[in-house]
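The chain contents come next:
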Amino acid sequence: MLTIPDFQILKTNLASCTANDVKRALAVKRPTMTDLCALLSPASNAFLPQLAALSKKLTLQRFGKTTQLYGPIYLSNYCTNRCAYCGFSANNRIRRRCLTLDEAEIEADILHKRGFKHILLVSGEAKNAVDVEYLETLARRLRRRFASLSIEIQPLSSREYRRLFAAGIASVAVYQETYDPPLYDRVHLAGKKCDFNYRLHTPTRAAEAGMREIGIGALLGLGDWRAEGMALGYHLAWLRKKFWKTAFTVSFPRLRPAAGEFEPFEIVSERDLSHLIFALRIFDPDVGLLLSTREEARFRDGMLGLGPTRYSAGSCTAPGGYSNPEQEGEQFSVGDHRSLAEVCATIRAHGLDPVYKDWDPVFQEAEG
Ligand code: SF4
């Protein structure tokens with residue numbers, strides 16, 4: 001059974017780590033949860049250059065000189081939940097829109113022409129707007145044009161994930177936002193998302209359905225980032241042990257300005273974010289680590305090759321935003337406004353190869 005310790009216990013453990021614990025964690029071949037605790041502890045602040053160097057070495061060893069790329073398509077900003085921190089929250093007065101299947105295909109065509117082979121289909125959590133049937137139909141229309149289709153939508157049942165896998169969707173991203181139950185209750189004010197445990201077990205249901213890749217993550221700016229990092233480590237290690245055939249990724253979305261003007265409870269600096277990324281890379285050298293356009297170009301460029309393995313580019317977070325750049329109703333404002341071509345040029349300038357494709361629907365057909 002997946003068990004994540006209470007945040008007070010995690011914080012106490014983090015505070016009790018010493019410099020010697022950090023040195024040991026940097027030296028071991030297979031870091032344990034105790035080592036991750038040392039790598040995330042306040043005592044490890046003084047070792048950030050060593051963490052960065054080891055993270056860079058492991059990333060190069062496991063992923064080579066590459067950075068994968070993906071583009072998000074926002075299908076709908078309708079949402080039945082009230083999350084205090086999100087621009088799509090049901091109580092925010094924004095212009096709501098759900099793309100028709102034809103409109104979604106036009107958005108996908110625009111990304112295809114720009115060079116994307118991996119797209120992430122995103123929507124608010126409102127099954128009256130985007131349901132399994134909608135996604136099934138859209139996936140069947142798009143699957144020949146793209147190497148990989150992912151979704152970031154409302155949590156589904158295993159049976160529903162199975163239907164989507166059969167239609168061509170091979171990966172699911174679902175972020176817990178915070179692994180601290182009292183804090184989770186404080187920011188999830190209404191709607192199905194209030195059920196902490198149902199969300200926590202969503203990656204399990206998706207993996208049971210045979211999804212090739214599952215993305216987990218915590219929204220940074222709600223709880224203590226070191227404790228959230230520990231909780232991510234527990235969740236990741238448990239999933240890896242249970243679903244050893246499945247690939248996993250971790251995202252680190254930091255709160256961005258959005259409708260509703262929510263003020264983060266915790267300040268997570270770029271230094272903190274890089275520290276968290278390095279620690280998780282050392283803890284699990286094979287996990288994919290995502291850095292989205294929430295972050296600014298300067299920071300993303302500085303992190304190339306140091307830990308993250310996948311970047312989004314040229315993103316718009318409003319439904320229909322690629323066809324109409326003036327489109328209102330975005331989920332949050334992005335920090336890196338460069339095009340795919342510009343991001344790829346920077347990746348190459350850092351001695352890395354941009355990778356548009358790491359999967360092919362043919363494999364899925366062979367597995368199905
Ligand atoms: S975070 Fe997700 S569930 Fe919550 S309001 Fe935003 S879109 Fe809806």
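Here's what I pulled together on the structure shown here.

Cut-offs and rules
- Residues numbered from 1 in each chain as written.
- Predicted model: local features only at pLDDT ≥ 70, side-chain atom pairs only at ≥ 80, totals over all residues.
- Heavy atoms only, no water.
- Helix = DSSP H or I, 4+ residues; strand = E, 2+ residues; numbered from the N terminus.
- Buried < 20%, exposed > 50% of the residue type's maximum accessible area, 1.4 Å probe, protein only.
- Contact = heavy atoms within 4.5 Å.
- Areas by Shrake-Rupley, 256 points an atom, 1.4 Å probe, with all protein chains shown as cover.
- Lys, Arg positive; Asp, Glu negative; His and termini not counted.
- Charge placed at Lys NZ, Arg CZ, Asp CG, Glu CD.
- Near = heavy atom within 4 Å.
- Nonpolar A, V, L, I, M, F, W, Y, C, P; charged D, E, K, R; others polar.
- Phe/Tyr/Trp six-rings, centres within 6.5 Å; stacked < 30°, edge-to-face > 60°.
- Lys NZ or Arg CZ within 6 Å of the ring centre and 35° of its normal.
- Core = buried A, V, L, I, M, F, W, Y, C linked by side-chain atoms within 4.5 Å.

Regarding the overall build of the protein chain
At step 1: Helix and strand content of the protein chain: 15 helices and eleven strands.
At step 2: Scored against the burial criterion, the 368 residues of the protein chain give a buried share of 59%.
At step 3: In the protein chain, once contacts between residues fewer than 6 apart in sequence are set aside, the share between residues at least 24 apart is 75%.
At step 4: Summed over its atoms, the accessible surface of the protein chain is roughly 15,600 Å², and 51% of this surface lies on carbon and sulfur atoms.
At step 5: For the protein chain, the separation between the mean place of its 48 positive charges and that of its 42 negative charges on side chains is 5 Å.

Quick notes on the site of the ligand
At step 1: Residues in close proximity to the ligand include Cys 79, Asn 81, Cys 83, Tyr 85, Cys 86, Phe 88, Ser 89, Gly 124, Glu 125, Lys 193 and Gln 331, which together make up its full environment.
At step 2: Taken together, the residues of the shell around the ligand sort by class into five nonpolar, four polar and two charged.

Details of the packing of aromatic side chains
At step 1: According to the stated counting rule, one finds four aromatic pairs in the structure shown.
At step 2: Consider the rings of Tyr 85 and Phe 262, whose centres lie 6.4 Å apart with planes at 75°: the pair is edge-to-face. Taken as a pair, Tyr 85 in the loop between strand 2 (82-83) and helix 5 (101-114) and Phe 262 in the loop between strand 8 (247-251) and helix 12 (270-283) lie far apart in primary sequence, 177 residues in all.
At step 3: A residue is classified by how much of its surface remains accessible, and Tyr 85, at 8% relative accessible area, is buried.
At step 4: Seen from their ring centres, Tyr 184 and Phe 196 are 5.0 Å apart, and the 90° between their planes marks the pair as edge-to-face. With Tyr 184 in helix 8 (residues 181-187) and Phe 196 in helix 9 (residues 196-200), the pair connects residues that are twelve residues apart, well separated along the chain.
At step 5: Taking relative accessible area as the criterion, Tyr 184 reaches 0% and is therefore assigned buried.
At step 6: Put simply, the rings of Tyr 85, Phe 262 and Phe 265 pair up and form one aromatic cluster.
At step 7: Its end group placed over the ring of Phe 265, Arg 186 keeps NZ or CZ at 4.0 Å from the ring centre.
At step 8: Stacked on the ring of Tyr 198, the Lys or Arg Arg 205 has its end atom at 3.8 Å from the ring centre.

Topic: the nonpolar core
At step 1: In this structure, Leu 75, Ile 119, Leu 135, Ile 151, Met 211, Val 250 and Phe 252 are the most contacted members of the largest nonpolar core, which totals 99 residues.
At step 2: Discounting chain neighbours no more than four positions away, the residues touching Phe 252 are Ala 218, Leu 220, Leu 273, Leu 276, Ile 277, Leu 280, Leu 289 and Leu 290.
At step 3: Counting residues in each nonpolar core, the second largest holds 17 residues, with Cys 83, Cys 86, Leu 255 and Val 334 among its members.

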